[in-house]
Amino acid sequence: MSRFAAPLGDRPSGGRVTAAPIATAGAPQDKSVGRATSRGVVLGTVAVLLTAVGASAGAATGGPEVSGVIVGSGQDVIVGVTHNVVFPVTVSGSDDSGLSFVDVDLKGPNGGFYTTDAYCESATVCTTVFTVNAHPAPGSDDPVDLANAHAGTWSVDVLADANDGDSVFAQGVGSFGLKRAAQLTVNASPEPVVKGARITVTGKLVRANWDTYRYAGYAGQTVKLQFRPKDSTTYATVAAVKTSNTGTLHTTVKAVKDGYWRWNFTGTTTTGPAKATGDYVDVRP
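For clarity, every value in this text was computed on a predicted model and none was experimentally measured.

When pLDDT is averaged across the protein chain, the result is 83; 78% of the residues are at 70 or more. In the model, residues 5–56 has pLDDT below 50 throughout and makes 140 contacts with residues more than four positions away in sequence or in other chains.

It is worth spelling out the state of the cysteines at this point. Throughout the structure, instances matching the rule amount to one disulfide. Linked covalently through their sulfurs, Cys120 and Cys126 form a disulfide whose S-S length is 2.1 Å. Torsion about the S-S bond of the Cys120 and Cys126 cystine: about 85 degrees, corresponding to right-handed handedness. The exposure class of Cys126 is buried, given its relative accessible area of 0%.

Turning our eyes to something else, we now look at the sheet that holds strand S8 (residues 85–94). Pairing in this open sheet of three strands is antiparallel, and the strands run S6-S8-S11 from one edge to the other. Both edges of this open sheet fall to strand S6 (65–71) and strand S11 (125–132), since each of them pairs with a single strand only. Going from strand to strand, the sheet's axes swing by 20 degrees on average, the running direction of each strand aside. In terms of strand pairing, S8 meets S11 through eight bridges, oriented antiparallel. The residue of S11 that forms the bridge with Val85 is Val132.

Another point: the pairing of strand S9 (residues 99–107). Both faces of the sheet carry side chains from a regular strand, because those side chains alternate between them. Taken across its nine residues, S9 has eight buried, putting it largely inside the fold. Taken together, the eight bridges between S9 and strand S12 (residues 152–162) define a ladder with antiparallel strand orientation. Among the inter-strand pairings, Lys107 is bridged to a residue of S12, identified as Ser155. Here S9 folds back onto strand S10 (residues 113–119) in antiparallel fashion, the turn holding five residues, of which Asn110 has a positive phi close to 55 degrees.

Turning our eyes to something else, we now look at the pattern of salt bridges. Close approach of charged atoms lets side chains of opposite charge pair. Applying the stated criterion to the full structure yields four salt bridges. One salt bridge connects Asp76 with Lys179, and the closest N-O pair in it is separated by 3.0 Å. Taken as a pair, Asp76 in the loop between S6 and strand S7 (77–79) and Lys179 in strand S13 (residues 167–180) lie far apart in primary sequence, 103 residues in all. Overall, the relative accessible area of 13% leaves Lys179 in the buried class. In this structure, Lys107 engages Asp157 in a salt bridge whose closest nitrogen and oxygen atoms are separated by 2.9 Å. With Lys107 in strand S9 and Asp157 in strand S12, this residue pair connects regions lying 50 residues apart in the sequence.

About the thresholds
- Residues numbered from 1 in each chain as written.
- Predicted model: local features only at pLDDT ≥ 70, side-chain atom pairs only at ≥ 80, totals over all residues.
- Heavy atoms only, no water.
- pLDDT = per-residue confidence, 0-100.
- Contact = heavy atoms within 4.5 Å.
- Disulfide = S-S within 2.5 Å.
- Buried < 20%, exposed > 50% of the residue type's maximum accessible area, 1.4 Å probe, protein only.
- Pairing = 2+ DSSP bridges.
- Helix = DSSP H or I, 4+ residues; strand = E, 2+ residues; numbered from the N terminus.
- Axes fitted to C-alpha atoms, helices over the stretch in contact; angles between N-to-C directions.
- Salt bridge = Lys/Arg side-chain N within 4 Å of Asp/Glu carboxyl O.

Below you can see the structure in the form of structure tokens.
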């Protein structure tokens, strides 16, 4: 299991020297990572020396190279306040002797940091698995992994080892969004309604609060009101409404035909998207 570790500046260093980063040069830098056994992390330390810039990690020395990283399915990682979220990080690379092992670090806003490592499943592909959460374990006083300040864009660093003993540190080889989960409700009334009369559509947008382990109203957000006729599979946007200071939504529309009404929130840099389940309204002549 991955661990949420202390920011890099608060962690000790010591260990080995590696080759060039993928796109960053600079003075020697200490970097600590977790060492995994069966993908369960026990915190340890590794020192990394940053040297010359290369087109890809390892290219300048002829050693191993890291060519790419995919986080999960390539989409944002969305975390609520109830369940652990597990996702893979797949590292692609190469070396004459084949890749053998990778340390993967995820770094986020305001000191957010996860680390884990794994043996490679092939000479060119290595997959680690991360587990993140924003809820305390039942009966436990242990601190949770995430706080609201950690939501946003995270970067990926990789330390890759080859079978011949060479290694390379690839800094910033990938990025992804780690976001707070959102939820939406909708209610359209009255129902049934006479054609041409006004329908009131209400709802509420809430998002996970990683500091309190609850969902709370998301204020000041633009949410689309959408309608789908009963004989169609496609929703069309009818209006855009901003949430109140408690996350509530309210508007009125004219009843034209039978169909489903829903709210659709596209998300922000810190919060995932949400769509309400459509509420059917029967429109009568």
